[in-house]
Amino acid sequence: MRVAKTTLLLLCLLTAGCGDFFQDPGAGGGAATTQGDPRFIADCSNGPLSTPVANCQPEPFESTGDPYADCVTRINQLRWECQCLPSLQRWNEAEGCADQQAEYDSTRSAHAGFSENICSPRGWAQNECPGWGSTEHVITGCLQAMWDEGPGEPYSAHGHYINMTNPSYTMVACGFYETANGEFWSVQNFQ
């Protein structure tokens, strides 16, 4: 049963929304409660939360072996479980550009490829994880650290979280590059 629920949640996060998946049968059919799934953190019965659940750190899903899909799934997991925000679509068409930007930045600086518009489609905003130990560390560590910035001012201290939760964005493309010394650079482009 646990594996089936986890599989359904993963499919839900990869598609367009999870609303009714998290129903608590004992709650009269209300959406999204913590009783419906032990992994679930937020109560989404009243829709998106204005601020994220404090110290929200949902256990990452087991890797599928596809870091691009796992990256999008983790972003959507944070969005849904911590703030009841709808899922972003995986932006497959932009992953090649995201890979190019990650490689380009690895020899320059974070966001250089995005700022210099080296490829397209590149999206409207970018988060970046420079020099991490593996794609798994990017997905479980870097994305969580960006979420943990939370809302607030100045933008420079909260921009990653703001990009991850911007209601104008509907898609995200993740890109990865491994350097010769085994460091992983990753970008997440939002549109």
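Shown above is the structure to which this text applies.
Given the structure is predicted, the values throughout are model-derived calculations rather than measurements.

Student: How do you make sense of the state of the cysteines when you look at a structure like this?
Tutor: Simply put, the disulfide is a covalent bond whose two ends are the sulfur atoms of two cysteines. All told, the structure shown has five disulfides when counted by the stated rule. Covalent S-S linkage joins C97 and C119, the inter-sulfur distance amounting to 2.0 Å. As the torsion about the S-S bond is roughly 80°, the C97-C119 disulfide counts as right-handed. Here C97, found in helix α3 (residues 95–106), pairs with C119, found in the loop between α4 (112–115) and β2 (125–132); they are 22 residues apart in sequence, far enough to count as distant. Here C97 matches C119 in class, with each residue buried.

Student: Just checking my understanding: could you explain the pattern of salt bridges for this structure?
Tutor: Pairing between side chains of opposite charge can happen when their charged atoms approach one another. Scanning all chains against the criterion turns up two salt bridges. Across the pair R90 and D66 runs a salt bridge whose closest N-O atoms are separated by 3.4 Å. With R90 in strand β1 (residues 89–90) and D66 in the loop between α1 (2–14) and α2 (67–83), the pair connects residues that are 24 residues apart, well separated along the chain. Residue classification places D66 among the partly exposed positions, given a relative accessible area of 26%. R90 is paired through a salt bridge with E95; the nearest N and O atoms lie 2.6 Å apart. Its relative accessible area of 25% is what places R90 among the partly exposed residues. Three or more residues joined by partner-sharing salt bridges are found here, namely D66, R90 and E95.

Student: Explanation requested: the sheet that holds strand β4 (residues 184–190) in the structure shown.
Tutor: Paired through backbone hydrogen bonds, the strands of a sheet run either parallel or antiparallel to each other. Strand order across the open sheet formed by four strands is β1-β3-β4-β2, with mixed pairing between neighbours. The two strands at the open ends of the sheet, each matched to only one other strand, are β1 and β2. Alignment of strand β3 (residues 171–178) against β4, held across seven bridges, turns out to be antiparallel. Bridge assignment links Y177 to a residue of β4, and that residue is W185.

Calculation criteria
Residues numbered from 1 in each chain as written. Predicted model: local features only at pLDDT ≥ 70, side-chain atom pairs only at ≥ 80, totals over all residues. Heavy atoms only, no water. Disulfide = S-S within 2.5 Å. Helix = DSSP H or I, 4+ residues; strand = E, 2+ residues; numbered from the N terminus. Buried < 20%, exposed > 50% of the residue type's maximum accessible area, 1.4 Å probe, protein only. Salt bridge = Lys/Arg side-chain N within 4 Å of Asp/Glu carboxyl O. Pairing = 2+ DSSP bridges.

So, to be careful, I would describe these as geometric facts and stop short of saying anything about function.
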